[in-house]
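Structure assessment
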Amino acid sequence: TKQKLWGGRFTGKTDPLMHAFNQSLKYDQRMAAVDIRGSIAYAKALTRVAILTPAEEERMVAGLAAVGKEWADGVFAPQEDDEDIHTANERRLSELIGPLGGKLHTGRSRNDQVATDVRLWLLDQVTATEDNLKALIRVLVERADNEKDYILPGYTHLQRGQPIRWAHLLLSYAFSFRSDLERLRQLVPRIAVLPLGSGALAGNPFGVDREFLARELGFHSVAENSLWGVADRDFIAEFLMWASLVMVHMSKMAEDLIIYSTAEFGFVSLSDAYSTGSSMMPQKKNPDSLELLRGKSGRLFGNMAGFMMTLKGLPSTYNKDLQEDKEPLFDTVDNLTACLSIAEGVIATLTVNGEKMRAALTMDVLATDLADYLVRKGIPFRETHHVSGRAVALAEARQCQINELTFADFKSLHAGFTEDIYAVFDFEASVERRQAIGGTSRAMVERQIAVLRAELLK
Ligand code: ARG
């Protein structure tokens, strides 16, 4: 007769709505493979403390592998009473190998089991996410390398500021993602802490070798406190925070490109592959890909904030609230993965309009260079800033660009001006003056490319 795994002390039946409410199998079945991995390691650990004989271990491991294969082949048949992936796998194992299956859970609880599974699952995702992040950085770097010649206005407050190389802007995104990559790697030692062997809360009474388990499963360390081991979900919170920050960077890049792809700017044009049309306005080509990248950032931040609220107020050790860790985590991983691939595709297929960029370069973006010209003649910057500002105002009054002011005009503004002043009004020369590390000159852009390429090889 069918019985819930924990059915011994129960006489009444679960309310059908409660049954569905409690059941997590529909989403936690994505941890099927790691659950099997964890159980195989645990079976081996049980043999080492003589709970299983080597022959039993062999049958148990073969049975677990068979259950894993059913999931992999898509033929695992869930039963009504499978509460979650852990109960489903154990139920199936016993169907395959008989009562011996009932020995697997000796000293183990779903509390240490689920915490172990999520960590294993996330470690696999971290590896995949690292690759996706690198792919995005790579396409930014490749574009930057190919498009070093384009110069456009750099903006602060969305007002034209100073000329920069387009490559420099692309690389600024790459550096945000590079710091995300670094932060992701730093999460790993805190994810790779083994809970298995913590039992339900108090520890394992059969002396299982947890360091053996950690080695078998690729964990870096062992949870030193069982109460903490079963309850800690900081690694999930941290991952969700990390992903939110990635999306902040993603959103900024998307917003820049949305603005730059308007007819008013026209610096870039999105490939048809990443745009959509309007159901009413035939002329429209909308940057939906970028808007979704921007929009998803809100969703991922929401997953993080929501999960923090789940954790807040919990008492110690395992509480069923913790089952609510999985959906935000899975949703964040899925959407982040999609965002990284879409962003990579958008960047790879973008068309750049160098002429539009050039046309947006009005002479006033060289006002800083004009001030710097006088600085090089020994005049204090605070004074030259003022002189340059007056040149801008004068040009505005004359309705001309600052390079169209006469030499007499410049002389009237400051005696330090000499005939070579007109050489300042050269965008290329302006960017090339930025030769200190981090600047927008060609050499410093090339330096950035080299730094990032070295990072991508790690
Ligand atoms: N499905 C549960 C979860 O995701 C597994 C742990 C259940 N433990 C328990 N004591 N009910 O958290």
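Residues numbered from 1 in each chain as written. Predicted model: local features only at pLDDT ≥ 70, side-chain atom pairs only at ≥ 80, totals over all residues. Heavy atoms only, no water.

1. Concerning the domain arrangement of the protein chain
Domain assignment breaks the protein chain into domain 1 (13-106), domain 2 (111-205 + 219-359) and domain 3 (363-425). In this structure, domain 1 and domain 3 have C-alpha centres spaced 77 Å apart. (Domains from an automatic or database assignment.)

2. A closer look at the packing of helix α7 (residues 166-191) against helix α10 (residues 234-260)
When two helices pack together, you describe them by how their axes are tilted relative to each other and by the distance separating the axes. Interaxial distance between α7 and α10 falls to 10 Å at its minimum, and their mutual angle equals 170°. As the angle between them shows, α7 and α10 are arranged roughly antiparallel. The segment α7 lies against α10, with W166, L169, Y173, S176, F177, D180, R183, L184, L187, R190 and I191 engaging F235, E238, F239, W242, L245, V246, H249, M250, M253, D256, L257 and Y260. Here the residues of the contact of α7 with α10 are counted per class, giving 16 nonpolar, two polar and five charged. (Axes fitted to C-alpha atoms, helices over the stretch in contact; angles between N-to-C directions. Helix = DSSP H or I, 4+ residues; strand = E, 2+ residues; numbered from the N terminus. Parallel < 35°, antiparallel > 145°, perpendicular 65-115°, else oblique. Contact = heavy atoms within 4.5 Å. Nonpolar A, V, L, I, M, F, W, Y, C, P; charged D, E, K, R; others polar.)

3. Re the nonpolar core
Core analysis: the largest hydrophobic core is formed by 105 residues, its most contacted members being W166, F177 and M250. Residue contributions to this core peak at 16 residues, all from α10. When residues of this core are assigned to domains, at least three map to each of domain 1 (13-106) and domain 2 (111-205 + 219-359). Apart from residues lying up to four places away in sequence, F177 is in contact with L133, L136, I137, L140, V246, H249, M250 and M253. (Core = buried A, V, L, I, M, F, W, Y, C linked by side-chain atoms within 4.5 Å. Buried < 20%, exposed > 50% of the residue type's maximum accessible area, 1.4 Å probe, protein only.)

4. A look at the pairing of strand β1 (residues 151-156)
On any regular strand, side chains alternate: one points to one face of the sheet, the next to the other face. Bridge count for β1 against strand β2 (residues 159-165) is six bridges, and the pairing is antiparallel. Its bridge partner being in β2, I151 is matched across the sheet by R165. Between β1 and β2, which pair antiparallel and follow one another directly, the connecting turn spans two residues, one of which, H157, has a positive phi of 55°. (Pairing = 2+ DSSP bridges.)

5. Details of empty space enclosed by the protein
The tally for this structure, following the rule as stated, stands at one cavity of 30 Å³ or more. Counted as a void, the largest cavity has a volume near 30 Å³. K4, W6, H19, N22, Q23 and E83 together form the lining of the largest cavity. For the lining of the largest cavity, the class distribution of residues is one nonpolar, three polar and two charged. (1 Å grid on protein atoms, 1.4 Å probe; cavity = no way out; pocket = protein on both sides within 12 Å on 5 of 7 lines; lining within 4 Å. Points joined across faces, edges and corners; volume = space filled by probe spheres on them.)

6. Points about the site of the ligand
Around the ligand, the structure places S24, D84, H86, R110, N111, V114, Y318, Q323 and K326. Between a nitrogen atom of the ligand and a side-chain N or O atom of N111, the distance comes to 3.0 Å. A total of 340 Å² of accessible area belongs to the ligand in isolation, and the protein chains cover 86% of it. At three residues, helix α6 (residues 110-146) tops the list of elements feeding residues into the shell around the ligand. Counted by class, the shell around the ligand contains two nonpolar, four polar and three charged residues. There are two domains that each give the shell around the ligand at least three residues, and those are domain 1 (13-106) and domain 2 (111-205 + 219-359). (Near = heavy atom within 4 Å. Polar contact = N/O pair within 3.5 Å; in protein donor to acceptor, adjacent residues only side chain to side chain. Areas by Shrake-Rupley, 256 points an atom, 1.4 Å probe, with all protein chains shown as cover.)

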